Every structure is written in C-alpha cells, then in structure tokens.
Amino acid sequence: MAQDLYILGGAQTDFARNWAKEGLGLIDMLTEVLPATFADAQVDPHEVQVVHVGNLAGGLFSGQAQLGGLVAAAEPALVGRPSTRHEAACASGSTAIVAASADIESGRYDVALVVGLEPMRNVSAKQAADNLGTAAWAGREAVDAEYAWPALFADVAEEYDKRYGLDHAVLGRFAEIAFANGTRNPLAQTRDWAFPEGSFAEDDEVNPLVEGRLRKTDCGRITDGAAAIVLAGASYAAEWAATRGLDLEQLPRISGFGHRTDTLLLADKLASSHDTPHLFPHLHGAIHDAYQRAGISGVDDIDVVEMHDCFSITGLVTLEHLGLVEGGKGGEVVRDGTIERSGSLPVNPGGGLLSAGHPVGATGVRMVLDAARQVTGQAGDLQIDGAHRVLTVNVGGSFTTAVSFVVENTP
C-alpha cells in the first residue's frame, strides 16, 4: 500500500436487537452508533473530512436511499462533507473501507468515517430473503427457490462434494465452533441461544434440512445492526497519537488489502474454475493481494482470521483459499482444532456471521473493528493471546465480490 491506514476507533450496535420491534429504524441506528464511534475514537466529528457508507438494500428494507444524507442528518457536524453509499452485497462495508482508504492514500483527505448498516428484521422472512436475493442474478438463478441464498450456497456445497467429497460432519463442526465462540461475545445475536443434542448433526428433527444438504445451523441469521470506524492517514494519526502520549506504531493499522470481483452468475464462476486449484480463484487472489500489499509471505504470518461464514460451506471454502490447505482439505483444520480459539489459527473468535450475526452492510466494517481490537489487546473476552496481525475476508453474493484486509499492530 502507498501508506498504512490507521484505525482510531469505532463501535457497533447489539446485533441481537430487533429495531423494528422497538419502533426504530435506519436513522436511529445512526444516532446510536455514530456518537459511540466518535467517543471510542476520541475524534470530534467536525474533524471528519469524508464519509463512506456500506449498505445493500436500504431502499428495499426501509424505502430509504441517499444514505449519505441520512448520515449527515444523524450527525449535523457532517453536513457539507462528501458522503457516498457503496453496494457490493455482503461486502458493501468492506468496499466502503476500500474507498475511504483510497481517499486517504491519494492525499485528498486525512480523516474518514466509514459506517455500515442494515435493518433486515422489519419485514417477513420471505420478504427479507427476496430483498437479499437481489444480489444474485435476477431471473437467471435460484428462480424456483423459496430462499435464494440457502439454495445458491447449497449449490456451492454440491460442487464442493463433486470435486472433493463433503462430509456434513465437517460443516456441523465448523458451525459448532462458531456458535461456541459467539457465547463469549456480548453483542452476538445468538449469545444466549441453547443448542440441544443433535443441533449440528444430520438430525432431521433438531437440525432440519433447509436447502440441498445445508441444515438449520449451517445457515446465517437475518440481523439488524450497524458498525462504524474512523480511519486516518499517517500525518493525522501521528498527531492524534502524540496528544495522547502514544507512538504511531502503537495504533492499529490496515497494512494491506485485496479487492477482486468475478462474474455474477454462480454457475459461470464454478464452470470457469474447473481446471484450477480453487473453487473461486479471484477469492484466492484477493487474499493474496492483501498479503502482498502488507509485505508478508502468507497465512503463516497471520495470527487470527475474521472470515465470512454466512453459511458453514462459505467458511469451509474460504479456509481453502487462505493458503492454509489445498482444496478439499479444509475439513482437516476444522477437525483437528486449528481454527478453534486454542488452535494455531483461530477463526472468528467473536462467532463470525453464523453466530455474531450478519447485518449485511455492517459486516465488513465490524470485521475490521474487531480486528483492530484484537491487535491492540482490547477485545475483552474475545481476545486471542499474542494476536498482532489479523486477516479479514468478506465476500459479497455467491463469492462475486471478495475483499480482504490485513490489520496489524506488530511489536
């Protein structure tokens, strides 16, 4: 990268809340998360020079577009600042961070606010599924499915099985690890859930099939929530640190990123990768772009991964694109404990999307915020000892968009 980007602070809402049941919506999410973000970052909102917003479907869920203006309505100090909304399905928040980073690296601005948000529980489950389904190719895929995304990721699972073989026990164990991690997270959607025996097994009564071979606990949640961070360039961050008696090197920073996009139709993506080592070569490329830009050799230099697991199969596939194992070998690191909190590469210590929740526009921002807290030892009950460098991997649609960041605070 041309320069590191410093994460001065941030905040997220409680992902277990149902905002519609409280009579609240988008503006209320913003008026809660923005003051908390500025307080955590110790930044006066007047200091912010540019705003980037990640959101998939505010127009569908809330009938509200022009979210840049809504941010200014929530925080009047931001009136007059340039503000743009970014949409890349579930990677919307990460693309907003990419854009903010480019603004700072270009020298145009020194301080950026990035906020991601999505209210999703204000409509029926079917309507929510239809709204989210707009991130697939409308009229071309999942046309007969009641729920588009379980159907499409069930297709990913089928393709995985054809190429490598797939034991549901691997998916079940991945989900079980995620939900166990989520019990430690005070903001996780499922932190208080109980799972009876058979919840992660091929048990049609306790863990029924949803689509294809994917079962209830293989599937992510419909979630309400927002997350925000303040990013700064080196000059502003150095001044900010000095006034607090800190060295610049003590601040968490984004040292590398990768951002790639493939064609929209899942079937086309899978067909084009038949003769390659990976189901999704562009995902592998985005992750390795992040390694290269951060100046590291690969996954061996990573301490923790914050990884996209909207479905258990998404998590398994992503594991195999990190450089950790070859295609078809992800089950080995799920079974042997590598990705558990006590393992050599902990994955999603806060529960990931499966357990923490997945308010679509907020997810990529939440990942980077959690990474910043990990590398500065401020993750509370989620803290992994010795975590100095975290990789985030956020995907949008059927792996259509892939965004990865390296966040570090190396001694």
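Definitions and cut-offs
- Residues numbered from 1 in each chain as written.
- Predicted model: local features only at pLDDT ≥ 70, side-chain atom pairs only at ≥ 80, totals over all residues.
- Heavy atoms only, no water.
- Helix = DSSP H or I, 4+ residues; strand = E, 2+ residues; numbered from the N terminus.
- Rg over C-alpha atoms; globule rule 2.2 N^0.38 Å.
- Contact = heavy atoms within 4.5 Å.
- Areas by Shrake-Rupley, 256 points an atom, 1.4 Å probe, with all protein chains shown as cover.
- Lys, Arg positive; Asp, Glu negative; His and termini not counted.
- Charge placed at Lys NZ, Arg CZ, Asp CG, Glu CD.
- Axes fitted to C-alpha atoms, helices over the stretch in contact; angles between N-to-C directions.
- Parallel < 35°, antiparallel > 145°, perpendicular 65-115°, else oblique.
- Nonpolar A, V, L, I, M, F, W, Y, C, P; charged D, E, K, R; others polar.
- Buried < 20%, exposed > 50% of the residue type's maximum accessible area, 1.4 Å probe, protein only.
- Pairing = 2+ DSSP bridges.
- Left-handed = near helix turned anticlockwise from the far one by under 90°.
- Salt bridge = Lys/Arg side-chain N within 4 Å of Asp/Glu carboxyl O.
- Core = buried A, V, L, I, M, F, W, Y, C linked by side-chain atoms within 4.5 Å.
- Expected span 1.5 Å × (residues − 1).
- Disulfide = S-S within 2.5 Å.
- Arc of directions from axis to C-beta.

Enquirer: For the overall build of the protein, give the residues involved together with the corresponding values.
Expert: Regarding its fold elements, the protein presents 14 helices and 11 strands. Relative to its length of 411 residues, the protein is compact, with a C-alpha radius of gyration of 20 Å against a globular reference of 22 Å. C-alpha atoms of the protein, sized along the principal axes, occupy 55 × 45 × 40 Å. Look at the contacts in the protein between residues 6 or more apart in sequence, and 78% of them connect residues 24 or more apart. About 15000 Å² of surface is accessible on the protein, with carbon and sulfur atoms providing 47% of the total. Of note, the protein has its 28 positive side-chain charges centred 2 Å away from the centre of its 54 negative side-chain charges.

Enquirer: Describe the packing of helix α4 (residues 92-105) against helix α14 (residues 360-375), and please don't skip the residues or the numbers.
Expert: Contact geometry for α4 and α14: axes closest at 5 Å, N-to-C directions at 60°. When the axes of α4 and α14 are compared, the pair comes out oblique. Contacts between α4 and α14 pair S92, G93, S94 and I97 from the former with G361, G364, V365 and V368 from the latter. Here the residues of the contact of α4 with α14 sort into 3 nonpolar, 5 polar and no charged.

Enquirer: Account for the pairing of strand β7 (residues 225-232), with residues named and values stated.
Expert: Among the 8 residues that make up β7, 8 are buried, leaving the element largely enclosed by the rest of the structure. Residues G225, A227, I229 and L231 of β7 are buried on one face, and the alternating residues A226, A228, V230 and A232, pointing to the opposite face, are buried as well. Relative to β7, strand β4 (residues 111-118) is paired through 8 bridges, and the arrangement is antiparallel. The partner of E118 across the bridge, within β7, is G225.

Enquirer: Any details on the packing of helix α1 (residues 26-41) against helix α3 (residues 67-74)? Residues and values, ideally.
Expert: Their axes nearest at 9 Å, the elements α1 and α3 cross at an angle of 55°. Classified by the angle their axes make, α1 and α3 are oblique. Crossing geometry of α1 relative to α3 is assigned as right-handed. Where α1 approaches α3, its residues L26, I27, L30, T31 and L34 are matched on the opposing element by L67, L70, V71, A73 and A74. For the contact of α1 with α3, the class distribution of residues is 9 nonpolar, 1 polar and no charged.

Enquirer: Report on the sheet that holds β4, specifying residues and quantitative values.
Expert: Ordered in space as β3-β2-β4-β7-β1-β8-β11-β10-β9, the 9 strands form an open sheet in which the pairing is mixed. With one partner strand each, in any of the chains shown, β3 (83-86) and β9 (304-307) form the two edges of the open sheet. Here the strands of the sheet are splayed against their neighbours by 25° on average, with no regard to which way each runs. Both strand β2 (residues 50-54) and β4 contribute to a ladder of 5 bridges, which runs parallel. Bridge pairing in β4 links G54 to G116. Set on the sheet, helix α10 (residues 281-294) makes contact with β8 (253-261), β10 (389-396) and β11 (401-408); between it and β8 the angle comes to about 155°.

Enquirer: Just give me the short version of unusual backbone geometry, but keep the residues and values in it.
Expert: A positive phi is found at Q66, a non-glycine position, where the angle reads about 50°. Assignment of secondary structure puts Q66 in the loop between α2 (58-61) and α3. Its identity as a non-glycine residue notwithstanding, F399 has a phi of 65°, on the positive side. Turning to its location among the elements, F399 is positioned in the loop between β10 and β11.

Enquirer: So what's going on with the pattern of salt bridges? Residues and values would help.
Expert: Applying the stated criterion across every chain, the model contains 17 salt bridges. In the salt-bridge network here, residues are joined through shared partners; they are D4, R253, R389 and E408.

Enquirer: Explain the nonpolar core to me, and be specific about the residues and the numbers.
Expert: Core analysis: the biggest nonpolar cluster contains 66 residues, and F153, L214, F280, I313, L319, L322 and L391 have the highest contact counts within it. With near-sequence residues (within four places) excluded, L322 lies in contact with I287, H288, Y291, V299, V305, L345, L391 and V393. Counting 34 residues, the second largest nonpolar core, distinct from the first, contains V33, A41, V111 and V230.

Enquirer: Please give an account of α10 that cites residues and values.
Expert: Taking 1.5 Å as the rise per residue, α10 with 14 residues should run 20 Å; its terminal C-alpha atoms sit 20 Å apart, in good agreement. Inspection of α10 places H282, L283, G285, A286, I287, D289, A290, Y291 and A294 among the buried residues, and these make up the whole buried set. Elements in contact with the buried residues of α10: β8, α9 (266-272), α11 (312-319), β10 and β11. Backbone geometry just downstream of α10 places G295 in the positive-phi region, at approximately 75°.

Enquirer: Explain the state of the cysteines to me, using residue names and the numbers behind them.
Expert: For the structure shown, the criterion picks out 0 disulfides. Here C90 stays free of any disulfide, with the sulfur of C310 as its closest cysteine sulfur at 5.8 Å. This cysteine, C219, is not joined by any disulfide, and C310 carries the nearest cysteine sulfur, 9.4 Å off.

Enquirer: Got a sec to walk through helix α8 (residues 234-242)? Specific residues and values, please.
Expert: Within the span of α8, buried status applies to Y236, A237, W240 and A241. Down the axis, α8 shows its buried residues gathered within 130° of arc, on one side only. Exposed positions of α8 whose direction lies more than 90 degrees from the buried face are S235, E239 and A242. Against the buried residues of α8 lie β1 (5-12), α1, β4 and β7.

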